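Chain by chain, the residues run as shown.
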Amino acid sequence: EDQVTQSPEALRLQEGESSSLNCSYTVSGLRGLFWYRQDPGKGPEFLFTLYSAGEEKEKERLKATLTKKESFLHITAPKPEDSATYLCAVQAGRYSGGGADGLTFGKGTHLIIQP
Amino acid sequence: EPEVTQTPSHQVTQMGQEVILRCVPISNHLYFYWYRQILGQKVEFLVSFYNNEISEKSEIFDDQFSVERPDGSNFTLKIRSTKLEDSAMYFCASNEQGRNQPQHFGDGTRLSIL
């Protein structure tokens, strides 16, 4: 069974204080690891896809990295508008004739950036 | 930027009643998904749909659930006889090429069963 564990569950930072969020996964043949941001009352908003160990993606203050067992979302000099829940999800290499594979999500990290 | 739209934003229904949740995926997307999120819990996969048939479904997606693409733009989730435990946010998602591609989510329908 595919499993995704995110830590910490919640994180409170001061504006400008950099940190990292962790996503550990167990999956039978990783097809892709996805990071999403979710604001209260909204749907997940896509941030990054990572496909293989060693891969890195960057967008503004966010950088995602991937190893064979975990992914990190690094937040550099965060601002209050970065406050959200960050979700990690994996797509496994199950055979699916149609190719429409569901994602397995972690519980997320609730990030608060204080001014 | 094109987006996935879901209606209604909030649905209140009596237990035992049928409910239909509606989604309009992004126009050039071919793969469609439903997920649910019970308050305080993780987002859970329900079902995926491609080429007018179910591609994959989870254990949650039992005989009470069905999906349909009634026309060229809508994608619906029907719950036949709702239970209290069906109360959740239901998210629709879509993508263009299926596997390996990011799925783009709507803002959800909050379903409250009384």
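See the structure above.
Residues numbered from 1 in each chain as written. Chains lettered and ligands numbered in written order. Predicted model: local features only at pLDDT ≥ 70, side-chain atom pairs only at ≥ 80, totals over all residues. Heavy atoms only, no water.

Visitor: Requested: an account of the pattern of salt bridges, with residues and values cited.
Guide: For side chains of opposite charge, pairing can occur when their charged atoms come near one another. Considering all chains together, one arrives at six salt bridges over all chains under this definition. Among the ionic pairs, B:Asp107 bridges to A:Lys42, the shortest N-O distance being 3.7 Å. Here the residue B:Asp107 occupies a position in the loop between strand 10 (104-105) and strand 11 (109-113), and A:Lys42 occupies one in the loop between strand 4 (30-38) and strand 5 (45-50), the pair thus bridging two chains. A salt bridge links B:Arg36 to B:Glu44, with the nearest nitrogen and oxygen atoms 3.1 Å apart. (Salt bridge = Lys/Arg side-chain N within 4 Å of Asp/Glu carboxyl O. Helix = DSSP H or I, 4+ residues; strand = E, 2+ residues; numbered from the N terminus.)

Visitor: Any chance you could break down the sheet that holds strand 1 (residues 5-7) of chain B for me, citing the residues and the numbers?
Guide: All names here are of chain B. Across the sheet, which stays open at both edges, the four strands sit in the order 1-3-8-7 with antiparallel pairing between neighbours. With one partner strand each, in any of the chains shown, strand 1 and strand 7 (65-68) form the two edges of the open sheet. In this sheet, neighbouring strand axes are inclined to one another by 20° on average, regardless of whether the strands run parallel or antiparallel. With five bridges joining them, strand 3 (residues 19-24) and strand 8 (residues 75-79) adopt antiparallel strand pairing. For Ile20, the partnering residue across the bridge sits in strand 8 and is Lys78. (Pairing = 2+ DSSP bridges. Axes fitted to C-alpha atoms, helices over the stretch in contact; angles between N-to-C directions.)

Visitor: With reference to specific residues and values, describe the packing of aromatic side chains.
Guide: Enumeration according to the criterion identifies 13 aromatic pairs over all chains in this entry. Each ring, one from A:Tyr36 and one from A:Phe46, has its centre 5.9 Å from the other, and the planes form 70°; the classification is edge-to-face. On the criterion of sequence distance, the pair formed by A:Tyr36 in strand 4 and A:Phe46 in strand 5 is long-range, its members being ten residues apart. Judged by its relative accessible area of 23%, A:Phe46 falls in the partly exposed class. Between A:Phe105 and B:Tyr35, the ring centres sit 5.9 Å apart and the planes meet at 90°, which makes this aromatic pair edge-to-face. Taken together, the residues span two chains, with A:Phe105 in strand 10 (residues 104-105) and B:Tyr35 in strand 4 (residues 31-37). Taken together, the aromatic side chains of A:Tyr36, A:Phe46, A:Phe105, B:Tyr35, B:Phe45, B:Phe91 and B:Phe105 make up a single cluster linked through ring pairs. (Phe/Tyr/Trp six-rings, centres within 6.5 Å; stacked < 30°, edge-to-face > 60°. Buried < 20%, exposed > 50% of the residue type's maximum accessible area, 1.4 Å probe, protein only.)

Visitor: Any details on the interface of chain A and chain B? Residues and values, ideally.
Guide: Chain A puts 26 residues into the contact, and the matching count from chain B is 23 residues. Carbon and sulfur atoms supply 49% of the area buried between chain A and chain B, which totals about 2100 Å² over both sides. A per-residue breakdown of the area chain A buries against chain B is headed by A:Pro44, A:Ala100 and A:Phe105, which together make up 23% of the total. Between the two partners, chain A and chain B, sit one salt bridge. Our count for the contact surface shared by chain A and chain B stands at eight residue pairs in polar contact (both at pLDDT 80 or more). Mapped onto the side of chain A that touches chain B, the elements with two or more residues apiece are strand 4, strand 5 and strand 9 (84-92) of chain A. In terms of residue count, the dominant contributor to the side of chain A that touches chain B is strand 4 of chain A (four residues). Considered class by class, the residues forming the side of chain A that touches chain B number eleven nonpolar, ten polar and five charged. (Contact = heavy atoms within 4.5 Å. Buried area = accessible area lost by both parts, 1.4 Å probe. Polar contact = N/O pair within 3.5 Å; in protein donor to acceptor, adjacent residues only side chain to side chain. Nonpolar A, V, L, I, M, F, W, Y, C, P; charged D, E, K, R; others polar.)

Visitor: Just give me the short version of unusual backbone geometry, but keep the residues and values in it.
Guide: The step from A:Ser7 to A:Pro8 runs through a cis peptide bond, and the omega angle for that step is -10°. Positionally, A:Pro8 belongs in the loop between strand 1 (3-7) and strand 2 (10-14). Of note, A:Ala77 is a non-glycine position whose phi angle comes to about 45°, a positive value. Its place among the elements puts A:Ala77 in the loop between strand 8 (70-75) and strand 9. Phi angles above zero are rare outside glycine, and B:Asn52 is one such case at about 65°. Here B:Asn52 shows up in the loop between strand 5 (43-50) and strand 6 (53-57). Judged by relative accessible area, B:Asn52 falls into the exposed class, the value being 61%.

Visitor: With reference to specific residues and values, describe the pairing of strand 5 of chain B.
Guide: All names here are of chain B. Most of strand 5 sits out of view: six of its eight residues are buried. The pairing of strand 5 with strand 6 spans four bridges and is antiparallel. Within strand 6, the position partnered with Tyr50 by the bridge is Glu53. Hairpin connection from strand 5 to strand 6: two residues lie between these consecutive antiparallel strands, with Asn51 at a positive phi of about 55°.

Interpretation in functional terms is not warranted from these geometric data alone.
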